[in-house]
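# Descriptive structure summary
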Amino acid sequence: FLEHWRRYNINAVQGFPTQLISLFHDCVRIEPHFRIEKLMYAGLPMSETDKAWLRSTCGVQQISSVIGTTETNQLAYQCQYLEKNQHHLTDDYNYVEIVDKDGLVLNDGQAGRLVVTNLWKHNFPIIRYLIGDAGRILKEKCLCGNKDRIFEYLGRWDDLVSIGMMNL
């Protein structure tokens, strides 16, 4: 990675937090002047401690999260004003509902299970797909002016983990 970072002046990376943090620790150990400007992560939340380390040690100026699934693609993303587990929903591509244990839609602000509908995938539309995660729709509007609903990711709803073709 460091060879390519030097050769191509890489200033942005994307990956899973656990892999990126481990990689960057190795990079700093080998190359103390290692710097990256932008980082986008997905797959699981990143701790505030790791974000602080990335900013102070690796010079990262912009850290953003995206949320998605294999079946429905991108569900949500962060702009520069949203932090921690808050994201804009991509309602023009996926429609996200928050439901209770019986599948009834909850009001904005209430926490529950994520249900995703995606009709853009013409060969295999996704209708009210339970992805196994929890969240809530926030009533607030974002300072960036974007009209997309703001969603707070609350982690896994169930104890099922999908790895490749296996559900554990």
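Residues numbered from 1 in each chain as written. Predicted model: local features only at pLDDT ≥ 70, side-chain atom pairs only at ≥ 80, totals over all residues. Heavy atoms only, no water.

### Observations regarding the overall build of the protein chain
- Within the protein chain one finds three helices and 11 strands.
- In the protein chain, the succession of helices and strands from N to C terminus is α-β-α-β-α-β-β-β-β-β-β-β-β-β.
- Overall size of the protein chain, expressed as C-alpha extent along the three principal axes, is 55 × 40 × 30 Å.
- The buried share of the protein chain, reckoned over its 168 residues, is 38%.
- The contacts of the protein chain with a sequence gap of at least 6 include a subset with a gap of at least 24, amounting to 46%.
- Accessible surface, the protein chain: about 10,500 Å² in total, of which carbon and sulfur atoms supply 53%. (Helix = DSSP H or I, 4+ residues; strand = E, 2+ residues; numbered from the N terminus. Buried < 20%, exposed > 50% of the residue type's maximum accessible area, 1.4 Å probe, protein only. Contact = heavy atoms within 4.5 Å. Areas by Shrake-Rupley, 256 points an atom, 1.4 Å probe, with all protein chains shown as cover.)

### With respect to the pairing of strand E4 (residues 73–77)
- Two elements, strand E3 (residues 62–69) and E4, share four bridges in a ladder whose sense is antiparallel. When the sheet's bridge partners are listed, Val66 is paired in E4 with Tyr77. (Pairing = 2+ DSSP bridges.)

### Comments concerning the sheet that holds strand E9 (residues 150–156)
- Read from one edge of the open sheet, nine strands run E1-E2-E3-E4-E5-E9-E8-E7-E6, paired in mixed fashion. Of all strands in the sheet, those bounded by a partner on one side alone are strand E1 (12–15) and strand E6 (95–99). Across the sheet, the mean angle from the axis of one strand to that of its neighbour is 45°, orientation sign disregarded.
- Sheet analysis places strand E2 (residues 38–41) next to E3, joined by four bridges and oriented parallel. Residue Met40 lies in a different strand from E3, and its bridge partner there is Ser64. (Axes fitted to C-alpha atoms, helices over the stretch in contact; angles between N-to-C directions.)

### A look at the packing of aromatic side chains
- The tally for this structure, following the rule as stated, stands at four aromatic pairs.
- Considering the side-chain rings of Trp5 and Phe34, the 5.0 Å spacing of their centres and the 50° angle between planes classify their relative orientation as tilted. Of this pair, Trp5 sits in helix H1 (residues 2–8) while Phe34 sits in the loop between helix H2 (17–30) and E2; the two residues are 29 residues apart in sequence, bridging distant segments of the chain. Comparing Trp5 with Phe34 shows no difference in burial state: the two are buried.
- Linked through ring pairs, Phe1, Trp5, Phe24 and Phe34 together constitute an aromatic cluster. (Phe/Tyr/Trp six-rings, centres within 6.5 Å; stacked < 30°, edge-to-face > 60°.)

### Let's talk about the nonpolar core
- Of all hydrophobic cores here, the largest spans 18 residues; its most connected members are Phe24, Phe34, Leu39, Leu54 and Cys58.
- At the level of elements, H1, H2, E2 and helix H3 (48–58) are the ones that each hand at least two residues to this core.
- A total of five residues in this core trace back to one element, the largest contributor, which is H2.
- Contact partners of Leu54, with chain neighbours within four places excluded, come to Ile21, Phe24, Leu39, Met46, Gly59, Val60 and Ile63. (Core = buried A, V, L, I, M, F, W, Y, C linked by side-chain atoms within 4.5 Å.)

### Examining unusual backbone geometry
- One non-glycine residue with positive phi stands out, namely Asn73, at about 65°.
- Along the chain, the position of Asn73 falls in strand E4.
- Using a relative accessible area of 34% as the deciding quantity, one classes Asn73 as partly exposed.
- Phi angles above zero are rare outside glycine, and Arg128 is one such case at about 50°.

### As for the environment of Thr72
- Within the secondary structure, Thr72 is located in the loop between E3 and E4.
- With relative accessibility at 0%, the residue Thr72 sits in the buried group.
- A sequence separation of 27 residues divides Thr72 from Pro45, and the C-alpha atoms of the two residues are 19 Å apart.
- Ignoring sequence-local partners within four residues, the contact set of Thr72 consists of Tyr93, Asn94, Val116, Asn118, Lys121, Ile126 and Tyr129.

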